Amino acid sequence: MKIIYVVAFKLCWLALVYWQYLLLLPVLLYWGFAMLRLHHKARLAVLLLTLCGVLLDSVLVASGWLNFAGSTLLPIWMMVLWACFALMLVQVLADLLRYWWLAALFGAVGGPLAYWGGSVLGGQLLYQPVLELSLLLALCWSLLMAVFVHYRFLWSKQHETLCFDVKAAGR
């Protein structure tokens, strides 16, 4: 089932990066439906992770490191992309990336590649200067992913099962 979530995220990523606002509504409908299927703690985690990602990119835009053609602010489609990534992180990656160092490595490689790939596809992101921006994104994403995975127990179903088992064993 987790592969379906990964494919859904990749489709959302492609739709938002390539067509931006044209496919924003179908992506938001998918996101809303997927959020309804999550338990309460996981929904809160998606919202918190989305906020962290939007804040990170907003700071990078405000400081001039990230530039979107025709905009001085972070575009709405990019905020929705963060929401979709946070959803996928909670649904899939929190269970797969159990160690902070593995999450940091994933972020250091995957983060800059996602931005670069988006800029190549025409996502309005001006990816310049390539080396410096790649290093900055690698640092930011490795820290962000390590923190996200470190706190995954707050929304992980395994944590709920563990708490339930401990309570049941105490009876």
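Read on for a plain summary of the structure. (Residues numbered from 1 in each chain as written. Predicted model: local features only at pLDDT ≥ 70, side-chain atom pairs only at ≥ 80, totals over all residues. Heavy atoms only, no water.)

**Focus on the overall build of the protein chain**
Here is the rule: Runs of H or I in DSSP of at least four residues are treated as helices and runs of E of at least two as strands, each being numbered from the N terminus. Relative accessibility decides the category of a residue: with a 1.4 Å probe and only protein chains considered, values under 20% of the type maximum give buried, values over 50% give exposed, and everything between is partly exposed. Pairs of residues are marked as contacts when any of their non-hydrogen atoms sit within 4.5 Å. Using the Shrake-Rupley algorithm and a 1.4 Å probe, accessible areas are obtained, with residue cover drawn only from the displayed protein chains.
Secondary structure assignment for the protein chain yields 7 helices and 2 strands. Its helices and strands in sequence order give the protein chain the pattern α-α-α-β-α-α-β-α-α, from N to C terminus. Within the span of the protein chain, comprising 171 residues, buried residues form 44% of the whole. Within the protein chain, counting contacts between residues at least 6 apart in sequence, those at least 24 apart form 76% of the total. Working note: accessible area of the protein chain is about 9,700 Å², and carbon and sulfur atoms make up 75% of it.

**Observations concerning the nonpolar core**
Selection criterion: The term nonpolar core refers to a set of buried residues drawn from Ala, Val, Leu, Ile, Met, Phe, Trp, Tyr and Cys, joined through side-chain atoms within 4.5 Å.
Within the largest apolar cluster, 52 residues are counted, with the highest numbers of intra-cluster contacts made by Tyr115 and Met145. Looking at this core, the elements with two or more residues in it are helix H1 (2–19), helix H2 (24–37), helix H3 (40–62), helix H4 (76–96), helix H5 (100–121) and helix H6 (130–150). No other element matches the 15 residues that H4 contributes to this core. Setting aside anything within four residues of it in sequence, one finds Met145 in contact with Phe85, Leu89, Leu93, Leu97, Ala103, Phe106 and Gly107.

**Section: H1**
The condition that has to hold: A helix is expected to reach a length of 1.5 Å times the quantity of its residues less one.
The end-to-end C-alpha separation of H1 is 25 Å, in line with the 26 Å expected for 18 residues at 1.5 Å each. Tyr5, Ala8, Phe9, Cys12, Trp13, Ala15, Leu16 and Val17 are the residues of H1 that are buried. Of the surrounding secondary structure, the elements contacted by the buried residues of H1 are H2, H4 and H5. Positive phi shows up at Gln20, right after H1, with a value of about 40 degrees.

**Digging into the packing of H4 against H6**
Rules: Here the axes come from fitting lines to C-alpha atoms, over the contacting stretch only for helices, and the angles between their N-to-C directions go from 0 to 180 degrees. Oblique is the label for every angle not falling under 35 degrees (roughly parallel), over 145 degrees (roughly antiparallel), or within 65 to 115 degrees (roughly perpendicular). Each crossing gets its handedness from the near helix: less than a right angle anticlockwise from the far helix is left-handed, clockwise is right-handed. Here the term charged refers only to Asp, Glu, Lys and Arg, the term nonpolar to Ala, Val, Leu, Ile, Met, Phe, Trp, Tyr, Cys and Pro, and the term polar to all other amino acids, Gly among them.
Close contact between H4 and H6 brings their axes to 12 Å; oriented N to C, the two are set at 45 degrees. Taken together, the axes of H4 and H6 lie oblique to each other. Judged by the twist between their axes, the crossing of H4 over H6 is right-handed. Together, Trp82, Phe85, Leu89 and Leu93 of H4 and Trp141, Leu144, Met145 and Phe148 of H6 make up the contact between the two elements. Along the lines of polarity and charge, the residues of the contact of H4 with H6 split into 8 nonpolar, no polar and no charged.

**So, the environment of Val92**
In this structure, Val92 sits in helix H4. On the basis of relative accessible area, Val92 is assigned to the buried category, the value being 1%. Along the backbone, Val92 and Ile3 are 89 residues apart, and their C-alpha atoms lie at a distance of 8.3 Å. Sequence-distant contacts of Val92, that is, excluding residues within four places in its chain, are made with Lys2, Tyr5 and Val6.

**Some thoughts on the packing of H5 against H6**
One can describe the packing of H5 onto H6 by two numbers: an axis separation of 7 Å at closest approach and a directional angle of 140 degrees. Classified by the angle between their axes, H5 and H6 sit oblique to one another. The handedness of the crossing between H5 and H6 comes out as right-handed. Between H5 and H6, the residues in contact are Trp100, Ala103, Ala104, Phe106, Gly107, Ala108, Gly111, Pro112 and Tyr115 and Ser134, Leu137, Ala138, Trp141, Ser142, Met145, Ala146 and Val149, respectively. Grouping the constituent residues of the contact of H5 with H6 by class yields 13 nonpolar, 4 polar and no charged.

**Some thoughts on the packing of aromatic side chains**
The condition is simple: Here is the rule: rings of Phe, Tyr and Trp (six-membered ring for Trp) pair when centre to centre is within 6.5 Å. Planes less than 30 degrees apart are stacked, more than 60 are edge-to-face, and the remainder are tilted.
All chains considered together, the criterion is met by 8 aromatic pairs. Centre to centre, the rings of Tyr115 and Trp141 are 6.1 Å apart; their planes meet at 80 degrees, and the pair counts as edge-to-face. Of the two residues, Tyr115 is situated in helix H5 and Trp141 in helix H6; the sequence distance between them amounts to 26 residues. Trp141 sits in the buried class, given a relative accessible area of 8%.

**Observations concerning a nonpolar patch on the surface**
To keep it simple, the criterion reads: For patches, a residue must show more than 30% relative accessible area and have no salt bridge; joins then use 9 Å for like charges and 5 Å for nonpolar side chains, namely Val, Leu, Ile, Met, Phe, Trp and Tyr. Note on definitions: salt bridges are taken to be side-chain nitrogens of Lys or Arg within 4 Å of carboxyl oxygens of Asp or Glu.
Taken together, the side chains of Met1, Ile3, Ile4, Val7 and Leu11 make up a nonpolar region of the molecular surface, amounting to roughly 540 Å² of accessible area. Secondary-structure assignment places Leu11 in helix H1.

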